[in-house]
Amino acid sequence: MYAVSFGLFLLWCLETSAVQGELAKPQNLTMITMNTQYSLSWDWDWDQSTRESHVVTFTAQYLAKYKLMRVKKDWTTVCKSRPSHRCDMTDSNLHYMGIYVLRVRANAGQLHSGWVQKDFCPDKDAALGPPSKVDLAPAGSTLDVSISDPLTSTNGSMKDTIPAMYYHIIYWERSVDPQGLKTEVIDSSVNLVTLPDLKPWTWYCVSVQSRYDYYNKSSGFTSPHCMQTEGATPWWLIFLYFVASLVICFVGVLLPLYGFFRCYRVLKATLYPSIQLPPHIQEYLRDSSPGSDMPRLLTPDSESELICDRVSICPEAVLLEIHTPPLFEAITDPDSSRQGSGGSRDSGVYSTEGGSSRQQPGSGQSSVETVDSWQGSSAPQEQVKMADMGPEPRGDGVAVDEGIVDMCV
């Protein structure tokens, strides 16, 4: 019984060995790294019969190298049965100063290839990245270069991982002629560097590289950053700044003050006009309380009860002089015509303009009256009645006409 069991075990081992030999092993294991970002890649040759009948996947594991001496080896699987030819090991928390063994195999159903191993030391094999950021700032006739450290996968500084890292800085004067380009070099382990011996008012370009000499590691250069240096300020520029400050002061201070003054004048003229209403009108617009200057507020009910009177405005009264002429005039012309056999009565009114008056011959007196009209704004017209102006005229055969003359002024 024991011999049968042992024979079956040997047969199973032989079958497993035969299966493992059917799949090709991965080849060209390569670590693609940048600071603390790691990615393992490999190549694998497809077999035509395997491609048609099976789907091939890959498994990647790692183990610290010092654990290989142990009897029980606890391999950590990072990628299991994946069809990709790459496995990202950034999140595996590999220590930068440690040494690890990486291995990969191919899988096709129940078939497995042999393991392919590779040693990896991040401190030695991982690539070093350039500075994450470079800034320039003028400092008089020189330039200050501010350098930000390369970043790890967790956005930490690579200087915490590699304290011996430093920066290789090259700078040159910008010129249109590339043949006349002359570069200057300076190395520094600090993050703020001042470039010496620069010309004032000149454009310079700067590029920075990270370096680690223990394993002779260096990064690529950053893209060039250019800036102009400064120098002594010329007098014309000072004058220009002075004029510009005056203009800004005028536009920013005086114009708003002038606008505020104009608005104040307009509001004052609108709300408090200089021309006031007459007192006899203002008394109807104020409150009826004694000594109150508050305006009288009208409600919708009170507006319907308002009684308005029509007001007529008359011009200023003018004094007129009225002269009354003699009522009768002697008739001396014998050829004067008469109407009727007994004579007719004639009556008339004569007014003289310019202050002249005619007198009846033979009459003893003339009467002049002066009448004042429109006394007050509402005085009615007056009638001036002229009667009994004098004795009857004397004459032979002269008919006497008596009458009353009314005149309206």
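Please refer to the structure higher up on the page.
Now for a look at the structure at hand. (Residues numbered from 1 in each chain as written. Predicted model: local features only at pLDDT ≥ 70, side-chain atom pairs only at ≥ 80, totals over all residues. Heavy atoms only, no water.)

### A look at the sheet that holds strand β2 (residues 37-43)
Right, on to step 1. Read across the sheet, three strands follow the order β1-β2-β5 without closing on themselves; strand pairing throughout is antiparallel. Unpaired on one side and paired on the other, β1 (27-34) and β5 (86-88) mark the two borders of the sheet. This sheet shows a mean twist of 15° between the axes of neighbouring strands, independent of strand direction.
Right, on to step 2. Judged from the six bridges that link them, β1 and β2 form a sheet pairing that is antiparallel. Across the sheet, residue glutamine 27 finds its bridge partner in β2, namely aspartate 43. (Pairing = 2+ DSSP bridges. Helix = DSSP H or I, 4+ residues; strand = E, 2+ residues; numbered from the N terminus. Axes fitted to C-alpha atoms, helices over the stretch in contact; angles between N-to-C directions.)

### With respect to the state of the cysteines
Each disulfide consists of one covalent bond between the sulfur atoms belonging to two cysteines.
Right, on to step 1. Counted by the stated rule, this structure contains two disulfides.
Right, on to step 2. The disulfide bridge from cysteine 79 ends at cysteine 87, spanning 1.9 Å between sulfur atoms. Between cysteine 79 and cysteine 87, the S-S torsion sits near 90°, and that sign places the bridge as right-handed. With respect to class, cysteine 79 is no different from cysteine 87; both count as buried.
Right, on to step 3. Cysteine 205 shares a disulfide with cysteine 226; S-S distance 1.9 Å. Around the S-S axis, the bridge from cysteine 205 to cysteine 226 shows a dihedral of about 100° and counts as right-handed. Of this pair, cysteine 205 sits in strand β14 (residues 203-212) while cysteine 226 sits in strand β16 (residues 225-228), and the two are 21 residues apart along the sequence.
Right, on to step 4. Classification of cysteine 205 by relative accessible area gives buried; the value is 3%.
Right, on to step 5. Each disulfide in the protein links cysteines that, numbered along the sequence, combine into the pattern 1-2, 3-4. (Disulfide = S-S within 2.5 Å. Buried < 20%, exposed > 50% of the residue type's maximum accessible area, 1.4 Å probe, protein only.)

### Structural notes on the nonpolar core
Right, on to step 1. Core analysis: the biggest nonpolar cluster contains 45 residues, and Leu40, Leu102, Leu195 and Val206 have the highest contact counts within it.
Right, on to step 2. If near-sequence neighbours (up to four positions away) are discounted, leucine 195 is found in contact with Thr142, Leu143, Val145, Ile169, Tyr171, Ile186 and Val206. (Core = buried A, V, L, I, M, F, W, Y, C linked by side-chain atoms within 4.5 Å. Contact = heavy atoms within 4.5 Å.)

### Examining the pattern of salt bridges
Right, on to step 1. Enumeration according to the criterion identifies three salt bridges in this entry.
Right, on to step 2. Close ionic contact of aspartate 119 with lysine 65 constitutes a salt bridge, the shortest N to O distance being 3.0 Å. In this pair, aspartate 119 sits in strand β8 (residues 116-120) while lysine 65 sits in the loop between β3 (57-64) and β4 (76-82), placing the two residues 54 residues apart along the sequence.
Right, on to step 3. Given a relative accessible area of 37%, lysine 65 falls into the partly exposed group.
Right, on to step 4. Aspartate 135 is the partner of lysine 133 in a salt bridge, and the nearest nitrogen-oxygen pair spans 3.8 Å. (Salt bridge = Lys/Arg side-chain N within 4 Å of Asp/Glu carboxyl O.)

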